[in-house]
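Examining the three-dimensional arrangement
Given next are the chains, with one letter for each unit.
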Amino acid sequence: MNARLATLLLVPMLWMSTALAQITETKLVAGEGILFGQAVAVAGDRAVVGVGLLEGNAAYSYRRVGDGWVEQGMLVPAGGTDAEGFGSSVAMTDTYAIVGAPLFDHGGATNGGASYLFEREGDSWAEQTRGAPSDVVGQDDSGTSVAVSGDYAIVGAPKHNGIGFDSGAAYIFERVGESWVQQAKLVASDEAANDEFGIAVSISGDYALVGAWRDDDTAAGSGSAYVFKRTDDVWIEQTKLTV
C-alpha cells in the first residue's frame, strides 16, 4: 500500500474505531465489496456508507424503518468508478449526498480527484453533477474529504501543491439552480509545505472548518484546524485552533 492510500485510509478508520467502541445499535452490511464502512454519514432517518479505494468503489444508502435500517440501493456515478476511490469520503443532508473520489483522473491529471453530488428522489439518489476544483492537477487527491450543508459543499484536496509540496487546499461549492459552482478556494494564512490542509473538512451555515493534521504549529506534526466565516460570498479565515 503506498503512502497516499495509507493516508486516506487512516483518518476515517481511527474515528470509526473510537465511535464503535462507545455504542453499537445496528450493524449495517452490504451484499458485496470490501472496505465497507470506510466513510459514513447520517442525516435524519437516512444514512450513506462508503466503500472506496481498493475495490468496491460505491456508496450504499439506508433508511430507518422502525427500529431497523433498510438498504435502499447504491450510489454509483454514470461513468463508472474503476480505480477512482469513489466512496472513500461521504457526506449528506436529507436532500443531497456528496461522495468523494480522490483517485479520479482528469485527463493527464492522474489522481487529481473529484466529487459527485447526488440528489434524493424519493428513496433513490440520482447523480446531479461531478465537480472538481478549477485548478486541479495530478496528485491533488481532491475529494479526500467532503461535507455539505444547505446549498454549500466543501471539498478537501490535501495533496494540492499551492504554497508548497502537499500544502493542501479546500474548495467551497455553491448550488445555483441545478448546478454546483465553485465559489472559493480556501488556504491557511500560515500554510506551509506538507501541512496537508484539507485532510478533513466540515461546513455548517456560514462557517467552514478545515483540518491540517501535519501543520508544525506547537510541535512537529502537531496539527491544527482553521475556522472560516462566510460574509456575503467571501470566506475569511477567522481563527486557528490548536492544542
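The coordinates are above.
Given the structure is predicted, the values throughout are model-derived calculations rather than measurements.

Turning our eyes to something else, we now look at the side chain of serine 224. Topologically, serine 224 is positioned in strand 15 (residues 224-231). Overall, serine 224 belongs to the buried group, its relative accessible area being 10%. For serine 224, the residues in contact, after removing those within four places along its chain, are Val210, Gly211, Ala212, Trp213, Asp215, Lys240, Leu241 and Thr242.

Our next topic: the packing of aromatic side chains. Tallied over the entire structure, the rule returns 8 aromatic pairs. Ring geometry for tyrosine 96 versus tryptophan 180: centroids 5.5 Å apart, planes at 85°, classification edge-to-face. A residue pair is termed long-range when its members are at least 10 positions apart, and tyrosine 96 in strand 6 (residues 96-101) and tryptophan 180 in strand 12 (residues 179-186) qualify at 84 residues. The same class applies to tyrosine 96 as to tryptophan 180, namely buried. Plain terms: the ring middles of tyrosine 152 and tryptophan 235 are 6.1 Å apart, the flat faces sit at 70° to each other, and that makes the pair edge-to-face. Taken together, the residues tyrosine 152 in strand 10 (residues 152-157) and tryptophan 235 in strand 16 (residues 234-241) connect sequence positions 83 residues apart. Tryptophan 235 shares its class with tyrosine 152; the two are buried. Pairwise contacts between aromatic rings join Phe36, Tyr60 and Tyr62 into one cluster.

Taken together, 4 strands build an open sheet; the order of strands is 13-14-15-16 and the sheet is antiparallel. Two strands lie at the open edges of the sheet, namely strand 13 (197-204) and strand 16, each paired on one side alone. The sheet shows a mean angle of 25° between the axes of neighbouring strands, direction not considered. Examined bridge by bridge, strand 13 and strand 14 (residues 207-212) share 6 bridges and lie antiparallel to one another. What sits directly across from serine 202, in strand 14, is leucine 209.

Rules of the game
- Going along each chain's sequence as written, the residues are numbered from 1 onward.
- pLDDT decides what is reported in this predicted model: residues at 70 or higher carry local features, side-chain atom pairs at 80 or more are listed and counted, and totals for whole chains, interfaces and linings draw on all residues regardless.
- Based on all heavy atoms of the structure, the side-chain values leave hydrogens and waters out of the count.
- Numbering of helices and strands starts at the N terminus; helices are DSSP runs of H or I of at least 4 residues and strands are runs of E of at least 2.
- For every residue, the accessible area obtained with a 1.4 Å probe (protein chains only) is divided by the maximum for its type, and the residue is called buried under 20%, exposed over 50%, and partly exposed between those limits.
- Whether two residues are in contact is decided by their heavy atoms, any of which lying within 4.5 Å being enough.
- In summary, the pairing rule links any two rings of Phe, Tyr or Trp, Trp by its six-membered ring, whose centres are within 6.5 Å, and it sorts them by plane angle into stacked for under 30 degrees, edge-to-face for over 60 and tilted for everything else.
- Here a strand pair is declared whenever DSSP counts at least two bridges between the two strands.
- Only the contacting stretch of a helix is used when fitting its axis, a line to C-alpha atoms as for every element, and angles between N-to-C directions run 0 to 180 degrees.

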